[in-house]
2 protein chains.
Amino acid sequence: MRKSKQRDAILDYVKCSTEHPTADMVYEAVKLSIPNISLGTVYRNLAQLVDEGFITVVETSDKKVHYEGNLTEHIHLLCKSCCNITDVFMKTDVPDVFSSTGFKIESQKTVYYGICKECRNT
Amino acid sequence: MRKSKQRDAILDYVKCSTEHPTADMVYEAVKLSIPNISLGTVYRNLAQLVDEGFITVVETSDKKVHYEGNLTEHIHLLCKSCCNITDVFMKTDVPDVFSSTGFKIESQKTVYYGICKECRNT
DNA sequence: TCGTAAGTAGTAATAATTACTGTTATCAAT
DNA sequence: ATTGATAACAGTAATTATTACTACTTACGA
């Protein structure tokens, strides 16, 4: 993988963001420093960065893909009301499904749905 | 919510299917008994059934929404190789995030990624 | 410095989902 | 049972996130 300032800027933004941005959000953000960057470039590089393991994706109920730069193990709290995703850095223990199913677990994603503090208080 | 044979057929199919069908798969299946059903009808009813809590959705890495009729608590095993989703009916204990974040958990979804038995053996 | 191939901008195409429109079916009240 | 309101429908058009394509540009090893 060669170096490109576009990919550097994209990785940088996703790594620093805590809001699990979509491709479009990354595009808007990176455009501030590279005004003529192409949306296609953003999509291509995000996919590449996921492939190479630099970032991961978060599947949510909206039909856009969200990206995440923090690879430390954590869970997601998804508020049904405001749709915000909150990170909680904690480990969850992986069950033994191998002995019964033969499935070899490599990674996991846990999402809890509910109402966040702010939305409960209003 | 009024009764309609289209919605009955859709709910019936999703409830009985174990393959986490997409809207299009539901459409194709229901078309066998109601040949002139509209794809829009399938989408509308699936959304309605989710809203009413009769079925749920499974977010996967492909960009289609998958539906699920089995509401018993279980986890999903997603094979990176064949993309199959396997259900494992087991409880996972919910961590206490309320005391630190004020987030009230209502439901959860846990997905494990890896390689299934069949794909490992080939 | 030069050749090659990875990367890019800009635009066109794709595919899942949603919106719209005129018609039909459900069902509560007469 | 008939009727009237409106939820639901089929069929189709529109939208939107994402992917593919093309001609040009840049990174980098020889």
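Look above for the structure.
Residues numbered from 1 in each chain as written. Chains lettered and ligands numbered in written order. Predicted model: local features only at pLDDT ≥ 70, side-chain atom pairs only at ≥ 80, totals over all residues. Heavy atoms only, no water.

### Considering the protein's contact with DNA strand C
Consideration 1: Neighbouring DNA strand C are 20 residues; A:Ser4, A:Thr41, A:Arg44, B:Tyr43 and B:Val65 lie closest to it.
Consideration 2: The sugar-phosphate portion of DNA strand C accounts for 67% of its atoms within 4 Å of the protein, the bases making up the rest.
Consideration 3: Residue A:Thr41 places a side-chain N or O atom 2.3 Å away from a phosphate oxygen belonging to DNA strand C.
Consideration 4: The contact in question runs from a phosphate oxygen of DNA strand C to an N or O atom on the side chain of A:Arg44, over 2.6 Å.
Consideration 5: For the surface near DNA strand C, the secondary structure elements donating two or more residues are α1 (5–16) and α3 (39–51) of chain A together with α3 (39–51) of chain B.
Consideration 6: Here the surface near DNA strand C gets 4 residues from one element, more than from any other, and that element is α3(A).
Consideration 7: Looking at the surface near DNA strand C residue by residue, the classes come out as 5 nonpolar, 7 polar and 8 charged. (Near = heavy atom within 4 Å. Polar contact = N/O pair within 3.5 Å; in protein donor to acceptor, adjacent residues only side chain to side chain. Helix = DSSP H or I, 4+ residues; strand = E, 2+ residues; numbered from the N terminus. Nonpolar A, V, L, I, M, F, W, Y, C, P; charged D, E, K, R; others polar.)

### Some remarks on the interface of chain A and chain B
Consideration 1: With 33 residues of chain A in contact, the opposing surface of chain B contributes 33 residues.
Consideration 2: Linking chain A with chain B are 2 salt bridges.
Consideration 3: A salt bridge links A:Glu106 to B:Lys80, with the nearest nitrogen and oxygen atoms 2.7 Å apart.
Consideration 4: Listing elements by their share of the side of chain A that touches chain B, those giving two or more residues are β3 (75–79), α4 (98–101), β5 (104–115) and α5 (117–120) of chain A.
Consideration 5: Class assignment for the residues of the side of chain A that touches chain B results in 17 nonpolar, 8 polar and 8 charged. (Contact = heavy atoms within 4.5 Å. Salt bridge = Lys/Arg side-chain N within 4 Å of Asp/Glu carboxyl O.)

### A short note on the protein's contact with DNA strand D
Consideration 1: What surrounds DNA strand D is a group of 20 residues, the closest being A:Tyr43, B:Arg2, B:Ser4, B:Thr41 and B:Arg44.
Consideration 2: For DNA strand D, the fraction of protein-proximal atoms (within 4 Å) that sit in sugar or phosphate groups is 72%.
Consideration 3: At a separation of 2.5 Å, a phosphate oxygen of DNA strand D approaches a polar side-chain atom of B:Ser4.
Consideration 4: Take B:Arg7: an N or O atom from its side chain is 3.0 Å from a phosphate oxygen of DNA strand D.
Consideration 5: When residues in the surface near DNA strand D are grouped by element, the largest group, 4 residues, is from α3(B).
Consideration 6: Looking at the surface near DNA strand D residue by residue, the classes come out as 5 nonpolar, 7 polar and 8 charged.

### A word on unusual backbone geometry
All names here are of chain A.
Consideration 1: The backbone of histidine 20 shows a phi angle near 50°, a positive value even though the residue is not glycine.
Consideration 2: Within the secondary structure, histidine 20 sits in the loop between α1 and α2 (23–31).
Consideration 3: A positive phi angle is found at cysteine 83, which is not glycine, with a value near 70°.
Consideration 4: By secondary structure assignment, the location of cysteine 83 is in the loop between β3 and β4 (85–88).

None of the figures reported here should be taken as evidence of function without further support.
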